[in-house]
Structures are given as C-alpha cells and as structure tokens.
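Residues per chain are reported as follows:
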Amino acid sequence: MLEGKSKGLFNSENIQKIRELGLIAFIIIIGFFVQLRNPSFLSLENINDLIKNTAILSILAAGMMLVIITRGIDLSIGATLALSGMLTAMTVKIYPGLHPILAIFLGMLIGLICGVIIGFFVAKTSILPIIATLGMMNVFRGITFLVSGGSWVSAYQMSDGFKNIATGSVFGINNLIFVAIIIYILFYYFVNYTRTGRQVYAVGSNPNSARISGINISKILCLVYMIMGALAGLSGVLWVSKFASAQSNTAMGYEMTVIASCVVGGVSIAGGRGKVSGLLSGVLLMGLLDNALPLINVSPFWQDAIQGAIILLAVVVSALVKRSIDRKNLMRRVI
C-alpha cells in the first residue's frame, strides 16, 4: 500500500505539477517584492502593458515548444520574424489599402515558406536542427537586408489599418492578447486531443519506437517547423504593427528569449516532455522580469545576469527532477 502511494506521489505527472506550482509561487514572490519597491507595478495599466508585451513572446514560445519536444531547436525565428515583418510592411507601403487580415495572412505565408525550407533540411537531409536553423537564420537576415536595401519602413509609411492590428481590440481585449488567446486554445487542443499532437510527443520521447510503430517522423518534423515558421511570420506582422517600424535587425537575438521561456516553463531540451500550463508560466516569468526589473531601476547588465541565472536554475531543476524520476523508476523495477 505504501509502495502504491509512493508511485502515485513520485510519478512524472505529479512532479511536473509540483514544479509548475513552485514556478507560480516564485512569480508571486517576485511580484510582491517588486510591488514593495514600486507601487505602480500592480496597477491595471502596467499589468495590461505586461500582458501585451508578452503576447508575441507567448505565440513564438508555443511553436518553439513543439520544436523542442521533437528534440529540435529553431534559431531562425528572429530572422523569420524580421523577414515577414519587413516584406509585409513593404507591401503595405505600396498598397496602403491592403486589408489588415490579408496583411496577417501574407506574413504567415512568408513564415510558412521559411518553415518549409527548414523542415526540409531537418527532416529530409538529416542535418542537425541547430546547424540548419543557424544557417537559415543568416540567409533570412541577408534576404531582409537585400529586399529593404538596409532602410526602414516607418510609421508614416504604414496605413492606419495596419498599425491598428496591434492597437485595436476585440470584445474589449487588445488584438495582441486576443490573437495569443486564440493561438493557445488551438495549441492546447492540438497537443492534447489530436493524434498528430500525440505523435509529436512520441517522436521526441523515442524516435526509434515511433518509427517502428508506423509514425512518419519526417512528416512530423516538417509539420512542427512549418507551424513554427507560420507563428514567426504572424509575430512579424504583430511586431511591426506594434512598434510601427520594420527594420532589418528586428528581433535580433530574440530567439534566445523564446527558448529560455520554454526551458523555464519545463519543456525538456531532451525532447518528449512539455505542457501548455508550464509553458505559460515560463512565458509569464520572462515577461514579468522584462517588465519588473526596469521598474525597480535594475541596471540592464544586471537584468541579463538575473535572467541568465534564472534560466540556469530552471535547467538544473529540470535535470534534478528527471534524475529523481529515473532513479525511482529504476528502484521500482522488478529484476
């Protein structure tokens, strides 16, 4: 009976829940201390700004979670975001009457094409994801510089309808937040209630077993990079609309923040493990740090150091949790 309770207490599902609760408690503690230092932190205006500023990060993190679950990585998302944002902004500049919905679809199409290219290299040529995406990151950045000639597309060159994509609202909810909510509803359904979603986890957990069971691994890998590309393209349009500026170096290095959000949220770099609830907690923590640290006048250099320390701590905790699960499973094994 005691052994049964031990199994129930120390299974991976319960340990993951404990980890998520600990992360939420950590977020609350940080929020409490920041509020003591700056009373405006928990104001409705600042909370609204925090959520809006985190919306794009959360969209990108959803796609990155799928990639990491399959034991991959995508270092090209910042470049994809910049390329889709630049091409969409240039199109709006030439055709100011372009409907905002069409602008969004154009950005997603550009991102999707980028994802197809990366998916092909990873799935069909067996190039390591880190190498394929690192190479394409430079290619996409180069294309962005070429098509723009190194110049910007500024606010006065964009239509009001395009800029309203980020500033407008639906049912009283800012468009950025509304789009993020829709993405997460679809994402949650996909990973939890579809056969393909389960196959994504299977590929990341054990590729050999997945192949033997009849799962088309190449198809799954292509799919996750296509989804990542489409979300990066969508984020490119939202980003350019939000800041009313398209630049060749937009979101440079932002892929590391996205990856960090996933890692902090409990998505295993080793693949096969990650939950939407944990991902949201990780995104919220990263967004909270970006918002809170400047409010309490922390030096930008220390901000990077603090974020790096938290990421390292999250990786260490994940490793210890995995080691604990493996050890307890080994002890229960009957020889």
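Caption draft 1: Region of interest: the overall build of the protein. Scanning the protein for helices and strands turns up 14 helices and two strands. Over its C-alpha trace the protein gives a radius of gyration of 21 Å, about what one expects of a compact globule, namely 20 Å for 335 residues. Buried residues in the protein amount to 48% of all 335 residues. Nonlocal contacts in the protein, meaning residues at least 24 apart in sequence, comprise 80% of its contacts between residues at least 6 apart. By element, 68% of the accessible surface of the protein is carried by carbon and sulfur atoms, the whole surface being about 16,700 Å².

Caption draft 2: Representation of the layout of surface pockets within the structure. Put simply, the largest pocket is a space of about 600 Å³. In terms of lining, the largest pocket is formed by 22 residues, of which the most central are Met-108, Val-179, Ile-182, Ile-183 and Leu-234. Elements with a contribution of two residues or more to the lining of the largest pocket: helix 5 (100-124), helix 7 (160-167), helix 8 (175-193) and helix 11 (217-243).

Caption draft 3: Structural context of the confidence of the model for the protein. For the protein, mean pLDDT is 88; residues scoring 70 or higher make up 91% of the total. Of the regions scoring below 50 in pLDDT, residues 1-6 engages in zero contacts with residues more than four places distant in sequence or in other chains.

Caption draft 4: Structural context of the packing of helix 5 against helix 6 (residues 129-148). Running from N to C, helix 5 and helix 6 cross one another at 145°; their axes reach a closest spacing of 9 Å. Crossing handedness for the pair helix 5 and helix 6: right-handed. Where helix 5 approaches helix 6, its residues Cys-114, Ile-117, Ile-118, Phe-121 and Val-122 are matched on the opposing element by Pro-129, Ala-132, Thr-133, Met-136 and Phe-140.

Caption draft 5: Geometry of the pattern of salt bridges. Applying the stated criterion to the full structure yields two salt bridges. The closest approach of N and O atoms between Lys-52 and Asp-49, which form a salt bridge, is 4.0 Å. Of this pair, Lys-52 and Asp-49 both sit in helix 3 (residues 44-69), three residues apart, roughly one helical turn. Classification of Asp-49 by relative accessible area gives partly exposed; the value is 29%. For Asp-160, the salt bridge identified is with Lys-163, shortest N-O distance 3.8 Å. Here Asp-160 pairs with Lys-163, and both are found in helix 7, just three residues apart, close to one helical turn.

Caption draft 6: Geometry of helix 4 (residues 77-94). The end-to-end C-alpha distance of helix 4, which contains 18 residues, comes to 26 Å, matching closely the 26 Å that a straight helix rising 1.5 Å per residue would cover. Where burial is concerned, most of helix 4 is hidden: 13 out of the 18 residues are buried.

Caption draft 7: Broad picture of helix 7. Along helix 7, the positions that sit buried rather than exposed are Phe-162, Ile-165 and Ala-166. Seen from one end, helix 7 has its buried residues packed into an arc of 85°, which puts them on one side. In helix 7, the exposed residues that point more than 90 degrees away from the buried face are Asp-160 and Thr-167. Of the surrounding elements, those touching the buried residues of helix 7 are helix 4, helix 5, strand 2 (173-174), helix 8 and helix 11.

Caption draft 8: Representation of the nonpolar core. Core analysis: the biggest nonpolar cluster contains 92 residues, and Leu-60, Met-64, Phe-162, Phe-187, Val-258, Leu-279 and Leu-285 have the highest contact counts within it. Setting aside residues up to four positions removed in sequence, Met-64 forms contacts with Asp-74, Ile-77, Met-228, Val-258, Ile-259 and Cys-262.

Caption draft 9: Region of interest: the packing of aromatic side chains. If you walk through the whole model with that rule in mind, you get eight aromatic pairs. Ring geometry for Tyr-188 versus Tyr-193: centroids 6.1 Å apart, planes at 65°, classification edge-to-face. Residue Tyr-188 is classed as partly exposed on the basis of its relative accessible area, which comes to 40%. Judged by relative accessible area, Tyr-193 falls into the exposed class, the value being 51%. These aromatic residues form a ring-pair network of at least three members: Tyr-188, Tyr-189 and Tyr-193.

Caption draft 10: Layout of the side chain of Asn-46. With respect to the helices, strands and loops of the structure, Asn-46 is situated in helix 3. Discounting chain neighbours no more than four positions away, the residues touching Asn-46 are Ser-40, Phe-41, Asn-291 and Leu-295.

Caption draft 11: Expanded view of the environment of Lys-275. Here Lys-275 shows up in the loop between helix 12 (254-264) and helix 13 (276-295). Sequence separation between Lys-275 and Gly-265 is 10 residues, and the spatial gap between their C-alpha atoms is 8.1 Å.

Cut-offs and rules
- Residues numbered from 1 in each chain as written.
- Predicted model: local features only at pLDDT ≥ 70, side-chain atom pairs only at ≥ 80, totals over all residues.
- Heavy atoms only, no water.
- Helix = DSSP H or I, 4+ residues; strand = E, 2+ residues; numbered from the N terminus.
- Rg over C-alpha atoms; globule rule 2.2 N^0.38 Å.
- Buried < 20%, exposed > 50% of the residue type's maximum accessible area, 1.4 Å probe, protein only.
- Contact = heavy atoms within 4.5 Å.
- Areas by Shrake-Rupley, 256 points an atom, 1.4 Å probe, with all protein chains shown as cover.
- 1 Å grid on protein atoms, 1.4 Å probe; cavity = no way out; pocket = protein on both sides within 12 Å on 5 of 7 lines; lining within 4 Å.
- Points joined across faces, edges and corners; volume = space filled by probe spheres on them.
- pLDDT = per-residue confidence, 0-100.
- Axes fitted to C-alpha atoms, helices over the stretch in contact; angles between N-to-C directions.
- Left-handed = near helix turned anticlockwise from the far one by under 90°.
- Salt bridge = Lys/Arg side-chain N within 4 Å of Asp/Glu carboxyl O.
- Expected span 1.5 Å × (residues − 1).
- Arc of directions from axis to C-beta.
- Core = buried A, V, L, I, M, F, W, Y, C linked by side-chain atoms within 4.5 Å.
- Phe/Tyr/Trp six-rings, centres within 6.5 Å; stacked < 30°, edge-to-face > 60°.

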